[in-house]
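# Residue-level structural notes
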Amino acid sequence: MKQLVNNIIDYSGKNILIVFIFIIFFVVGSIVAVRNVPLDAIPDLSDVQVIVFTEWKGRNPRIIEDQITYPIITKLLSAPKVKVVRGQSFFGLSFIYAIFEDGTDIYWARSRVLEYLNSIRGKLPEGVNPVIGPDATGLGWVYQYILLDKKHKYSLSELRSFQDWYLRYWLASVPGVSEVATIGGFEKQYQIEVDPIKLRAYKISIQKVIEAIKASNNDTGARSIELAGHEFLVNVSGYIKKVEDIEKVVLGTKPNGVPIRISDIAHVHLGPNMRRGVADYNGKGEVVGGIVVMRHGENALNTIKRVKEKIKEVEKSLPDGVKIVPVYDRSDLILRSIDTLKRTLIEESIVVALVIIIFLFH
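The residue numbers shown here count from 1 along each chain, following its written sequence. For this predicted model, a pLDDT threshold of at least 70 governs which residues receive local features, and a threshold of 80 or more governs which side-chain atom pairs are given and counted, while totals over whole chains, interfaces and linings are taken from all residues. Here the side-chain values reflect all heavy atoms present in the structure, with hydrogen atoms and water set aside.

### A few points about helix α5 (residues 156-172)
One axis is fitted to the seven residues ending at the residue and one to the seven starting there. The bend at that residue is the angle between these axes. The numbering of helices and of strands both runs from the N terminus, where a helix is a DSSP run of H or I of at least 4 residues and a strand a run of E of at least 2. At Gln 163, α5 shows its largest bend, some 45°. Here α5 has its buried residues at Leu 159, Arg 160, Ser 161, Phe 162, Gln 163, Asp 164, Leu 167 and Leu 171. We call two residues in contact when some of their heavy atoms are within 4.5 Å. Tucked into the core, α5 has its buried residues touching β5 (141-149), β6 (177-183), β7 (188-194), β13 (288-294), α10 (300-314) and β14 (322-329). Only protein chains enter the area calculation, which uses a 1.4 Å probe; residues under 20% of their type maximum are buried, those over 50% are exposed, and those in between are partly exposed.

### Quick word on the packing of α10 against helix α11 (residues 330-360)
It is at 10 Å that the axes of α10 and α11 come closest, and there the two elements cross at 135°. Comparing their axes, α11 and α10 come out oblique. At the point where α10 passes α11, the crossing takes the left-handed sense. Across from Ala 300, Leu 301, Ile 304 and Lys 308 in α10, the residues of α11 making contact are Arg 330, Ser 331, Ile 334, Leu 335 and Ile 338. Residues are grouped as follows: Ala, Val, Leu, Ile, Met, Phe, Trp, Tyr, Cys and Pro are nonpolar; Asp, Glu, Lys and Arg are charged; all remaining types, including Gly, are polar. Its residues assigned to classes, the contact of α10 with α11 shows six nonpolar, one polar and two charged. The angle between two axes is taken between their N-to-C directions and runs from 0 to 180 degrees, where each axis is a line fitted to C-alpha atoms and a helix contributes only its stretch in contact. For classification purposes, angles smaller than 35 degrees are called roughly parallel, those larger than 145 roughly antiparallel, those between 65 and 115 roughly perpendicular, and all remaining angles oblique. Should the near helix be turned counterclockwise from the far one by less than a right angle, the crossing is left-handed, whereas a clockwise turn marks it as right-handed.

### Some details on the sheet that holds β14
Strand-to-strand pairing in sheets goes through backbone hydrogen bonds, with the strands running parallel or antiparallel. Sheet architecture is open: four strands sit in the order β6-β13-β5-β14, paired in antiparallel fashion. Among the strands making up the open sheet, the edge pair consists of β6 and β14. The average angle at which neighbouring strand axes cross in this sheet is 25°, direction not considered. Where β5 lies against β14, seven bridges are found, and the strand directions are antiparallel. Counterpart to Leu 147 in the pairing with β14 is Ile 324. The sheet strands contacting α5 are β5, β6, β13 and β14, and the helix crosses β6 at an angle near 175°. With respect to the sheet, α10 is in contact with β5, β6, β13 and β14, its orientation differing from that of β5 by roughly 20°. At least two bridges found by DSSP between two strands is the condition for calling them paired.

### Some points on the pattern of salt bridges
Should a side-chain nitrogen of Lys or Arg be within 4 Å of a carboxyl oxygen of Asp or Glu, the pair is scored as a salt bridge. Going through the model one piece at a time under the given rule, you end up with eight salt bridges. Notably, a salt bridge pairs Asp 164 with Arg 160, separated by 2.7 Å at the nearest N-O pair. You can see Asp 164 and its partner Arg 160 sitting in helix α5, four residues apart, about one turn around the helix. Like Asp 164, the residue Arg 160 is buried in the burial classification. The shortest N-O distance in the salt bridge between Lys 310 and Glu 313 comes to 3.7 Å. Here Glu 313 and Lys 310 lie together in helix α10, a separation of three residues that amounts to about one turn. Judged by relative accessible area, which is 54%, Glu 313 ranks as exposed.

### A word on the pairing of β13
Of all the seven residues making up β13, seven are buried; the element is thus mostly covered by neighbouring parts of the structure. Across six bridges, β5 lies against β13 in antiparallel orientation. Bridge pairing links Leu 147 to Val 288 in β13. Inspection of the sheet shows β6 paired to β13 by six bridges, in the antiparallel sense. Looking across to β13, one finds that Glu 179 is bridged to Val 293.

Following this line, the structure appears as structure tokens:
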């Protein structure tokens, strides 16, 4: 061993140019590796997991378990490289977690789950559509923000609508972002409060009311008409745009030929959807916000940087008096961790260099 070390030292002393070439090569390679390595302060040790979410409104957990959760679990148990399949059934909701063997490619696992879901859709209740969750892990939560209305001009429902229909999709287009989840506020709904006494008086079933509203909320294309050398497209617009449109939906006719409308048997109004949680900002009241979830395997620091750039870009399109305020930003933790690592490496490098110099002076 001693002779080998002596030979390496002799060779290095006689071939200084080759040594410098190797040093330059390793230095450049190290710089490239440092610039491209995914930076994060929290190591992602989570399992390779695919989440299957199914919604079946109005059903109790036992029905959800028997007709959705159990059939999907038994099907996924036979999927290749699956270690464990867990399921949870709630009121109207089903969550299934398929955990694969370590080292399995996440997108390969998602493809296998989709294949097995396609083979079982025919055995599920009508109208039930299982979907897989975002391609992210439990540590994908890298950024969170709220919509702060400084002038108090907008309601929580209006801020929620802006978040769901505009801001959410702007941020979802950022490379590296898997999902933007909305929290807080009220989801606006057209709510129809049916009077059962009036339904019985007119001999109309609730199913007929549902079908009439569905049939009325639809655009219909007719045909094109050529007139005076021009072609005119005939189209019937039937989408529901306001409360009055629902109130005028016809359910049938009375004995004297007068139409029975939704307004005759129900009260139609705008209202919030049921919710199971709220978002509060420092004890000052409820707010609307969003959670940015990073795609699996992405660089957390670069993803957060791109999200911030997108927020600056869309600030001009925000409603008057509304500001996007970050409430969680992992980049601060990552940068502080990098500074700590830099300081430690510099200290260790100085110590190693001093030791080497002392030995070289022997």
